[in-house]
Amino acid sequence: METHNQILQSRPDITLAIKREDLIHPFVSGNKYRKLKYNISEALKLGQHRLLTFGGAFSNHIAAVAAAGKEQGLQTIGIIRGDELTGGVSNNPTLQFATDCGMQLEFISREAYRQKSEAAFIEKLQQKFGDYYLLPEGGTNDLAVKGCEEILTQADAAFEYICCAVGTGGTISGLINSAKPCQQVLGFPAVKGDFLRQEIHKFAKPDNWKLISDYQFGGYAKVNEELIGFLNRFYLENGVPLDPVYTGKMVFGVIDLIQKDYFPSGSKILMIHTGGLQGISGMNIKLKKKQSTTIHYHD
């Protein structure tokens, strides 16, 4: 599949487009494809045929690593946050997909999960699973940022604003590094905390960026009826499905800012669709339990 820019209706004096990175691969979509591209090449160059990574119950990264590993003939191991999930794989579409792709899942307590970056914890994993190529949670490292630097192309040079959701900071770092000097990159964090600025500064040097933290809807992976209604209307009007954790909140924010005259008249805005659509099924399970409106989406 190929990525492309889709022009959206907004205001007559504003050009608004969305870059369909969600179409780049059927299972390893959006920024996950970009983040894994050079990491998998490096693993193969090192003669490594086992990938180990971390994630939560509905992690886009876990699903993408599992699918990429299957496609490349690599073993994959997922260290999953929350030992209460043990035995509940069949009730979780993300973990079931990862298992179907051949990923070995290891459930650990949330307390233990917080140690995932510590050397002693990594050494214990090596003792248990043997040698492996380590991918951090969310996939962000230097090679991931290198892949994300390829999201923008010459065809995007006319846009003055580049907007994207921010999780671990890898995608926006790549965009910042590859953006033209005349372009401003606007990041919409999905998680709370000042750590994101520090993470981005590790990978990106230019100062052509800004974080807008007004559209988190209460926190990571939290939604309400207003957001769900927006996602469903957007899909109905544009034929573009949005995930509720990342891209959906970013698009909501950009359109809200347009309505509030944040962008000057004549602005050209490009939103990056970073994929993550596999997470809709899991969110809908939660919404059905609450007897709430679900997110409309067809594969």
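Figured I'd write up the structure that's included with this text. This one's a predicted model, so the numbers in the text were calculated from it and none came from an experiment.

## Topic: the sheet that holds strand E4 (residues 75–81)
Argument step 1. Judged by pairing direction, the sheet is parallel, and its four strands sit side by side in the order E5-E4-E3-E6 without closing on themselves. The sheet is open, and its two borders are formed by strand E5 (104–108) and strand E6 (133–134), each paired with just one other strand.
Argument step 2. Across two bridges, strand E3 (residues 50–55) lies against E6 in parallel orientation. When the bridges of E6 are listed, Leu 52 appears paired with Leu 134.

## Brief notes about the nonpolar core
Generally speaking, a soluble globular protein has its nonpolar side chains buried in company with each other.
Argument step 1. Ranked by size, the top nonpolar core spans 35 residues in total, and within it Phe 188, Val 251, Val 254, Phe 263, Ile 269 and Met 271 carry the most contacts.
Argument step 2. Within the residue set of this core, elements represented by two or more residues are strand E2 (15–20), strand E7 (161–166), strand E8 (184–189), helix H9 (225–238), helix H10 (247–259), strand E10 (268–273) and helix H11 (279–289).
Argument step 3. Among the elements that make up this core, the one with the highest residue count is H10 (seven residues).
Argument step 4. Val 254 has contacts with Leu 16, Cys 163, Phe 188, Phe 263, Ile 269 and Met 271, leaving out every residue within four places of it along the chain.
Argument step 5. In terms of nonpolar packing, the next biggest core, distinct from the first, is built from 24 residues, Ala 57, Ala 64, Leu 85 and Leu 105 among them.

## What about the pattern of salt bridges?
Pairing between side chains becomes possible if they bear opposite charge and their charged atoms approach one another.
Argument step 1. Here the structure, examined in full by the defined rule, presents 13 salt bridges.
Argument step 2. The partner of Glu 150 in a salt bridge is Lys 37, with the nearest N and O atoms 2.9 Å apart. Separated by 113 residues along the polypeptide, Glu 150 in the loop between helix H6 (142–148) and E7 and Lys 37 in helix H1 (residues 30–45) bring together distant segments of the chain.
Argument step 3. One salt bridge connects Lys 45 with Glu 42, and the closest N-O pair in it is separated by 3.4 Å. Here Glu 42 and Lys 45 lie together in helix H1, a separation of three residues that amounts to about one turn.
Argument step 4. The exposure class of Lys 45 is exposed, given its relative accessible area of 65%.

## Here's the deal with the packing of aromatic side chains
Argument step 1. This structure, assessed with the given rule, holds 10 aromatic pairs.
Argument step 2. Ring centres of Tyr 262 and Phe 263 lie 5.0 Å apart, and the angle between their planes is 80 degrees; on these two criteria the pair is classed as edge-to-face.
Argument step 3. Following the ring pairs from residue to residue traces out a cluster consisting of Phe 188, Tyr 215, Phe 217, Phe 230, Phe 234 and Phe 252.
Argument step 4. Sitting above the plane of the Tyr 113 ring, Arg 81 keeps its charged end 5.3 Å from the centroid.
Argument step 5. Cation over ring: Lys 146 sits above Tyr 38, and NZ or CZ is 4.3 Å from the ring centre.

## Examining a positive patch on the surface
Argument step 1. On the surface, Lys 192, Lys 222, Lys 286, Lys 289 and Lys 290 cluster together to form a positively charged patch.
Argument step 2. Following the sequence through the fold, Lys 289 ends up in helix H11.

## Things to note about H11
Argument step 1. Listed in full, the buried residues belonging to H11 are Gly 279, Ile 280, Gly 282, Met 283, Asn 284 and Leu 287.
Argument step 2. Looking at the buried side of H11, the elements it contacts are helix H2 (60–72), helix H3 (93–100) and H9.
Argument step 3. Downstream of H11 by one or two residues, Gln 291 has phi in the positive range, about 60 degrees.

## Regarding the sheet that holds E7
Argument step 1. Taken in spatial order, the six strands of this open sheet run E1-E2-E10-E7-E8-E9, and their pairing is mixed. Only two strands of the sheet have a single neighbouring strand rather than two, namely strand E1 (5–8) and strand E9 (209–211). In this sheet, adjacent strand axes meet at a mean angle of 25 degrees when their direction is disregarded.
Argument step 2. Relative to E2, E1 runs antiparallel, the two sharing four bridges. Looking at E2, one finds that Asn 5 is bridged to Lys 19.

## Considering the packing of H9 against H10
Describing two packed helices takes the angle between their axes plus the distance from one axis to the other.
Argument step 1. Where H9 contacts H10, the two axes come as close as 10 Å, and the packing angle between them is 85 degrees. Relative to H10, the element H9 is oriented roughly perpendicular. Residues Glu 226, Leu 227, Phe 230, Leu 231 and Phe 234 of H9 form the contact with H10, whose own contacting residues are Gly 248, Lys 249, Val 251, Phe 252 and Ile 255.
Argument step 2. The residue makeup of the contact of H9 with H10, split by class, is seven nonpolar, one polar and two charged.

## Examining the pairing of E8
Argument step 1. Among the six residues of E8, five are classified as buried, and the element is accordingly described as predominantly covered.
Argument step 2. Bridge count between E7 and E8: six bridges; the pairing is parallel. In the strand pairing of E8, Ile 162 is matched with Val 185.
Argument step 3. Sheet analysis places E8 next to E9, joined by three bridges and oriented parallel. Following the sheet pairing, Gly 187 is matched in E9 by Leu 211.
Argument step 4. The β-α-β motif built from E8, the intervening helix H8 (residues 195–203) and the parallel element E9 has right-handed crossover chirality.

Each value, and the rule that gives it
Residues numbered from 1 in each chain as written. Predicted model: local features only at pLDDT ≥ 70, side-chain atom pairs only at ≥ 80, totals over all residues. Heavy atoms only, no water. Pairing = 2+ DSSP bridges. Helix = DSSP H or I, 4+ residues; strand = E, 2+ residues; numbered from the N terminus. Core = buried A, V, L, I, M, F, W, Y, C linked by side-chain atoms within 4.5 Å. Buried < 20%, exposed > 50% of the residue type's maximum accessible area, 1.4 Å probe, protein only. Contact = heavy atoms within 4.5 Å. Salt bridge = Lys/Arg side-chain N within 4 Å of Asp/Glu carboxyl O. Phe/Tyr/Trp six-rings, centres within 6.5 Å; stacked < 30°, edge-to-face > 60°. Lys NZ or Arg CZ within 6 Å of the ring centre and 35° of its normal. Patch = residues over 30% accessible without salt bridge, like charges linked within 9 Å, V, L, I, M, F, W, Y side chains within 5 Å. Areas by Shrake-Rupley, 256 points an atom, 1.4 Å probe, with all protein chains shown as cover. Lys, Arg positive; Asp, Glu negative; His and termini not counted. Charge placed at Lys NZ, Arg CZ, Asp CG, Glu CD. Axes fitted to C-alpha atoms, helices over the stretch in contact; angles between N-to-C directions. Parallel < 35°, antiparallel > 145°, perpendicular 65-115°, else oblique. Nonpolar A, V, L, I, M, F, W, Y, C, P; charged D, E, K, R; others polar. Right-handed = clockwise from strand over helix to strand, strands pointing away.

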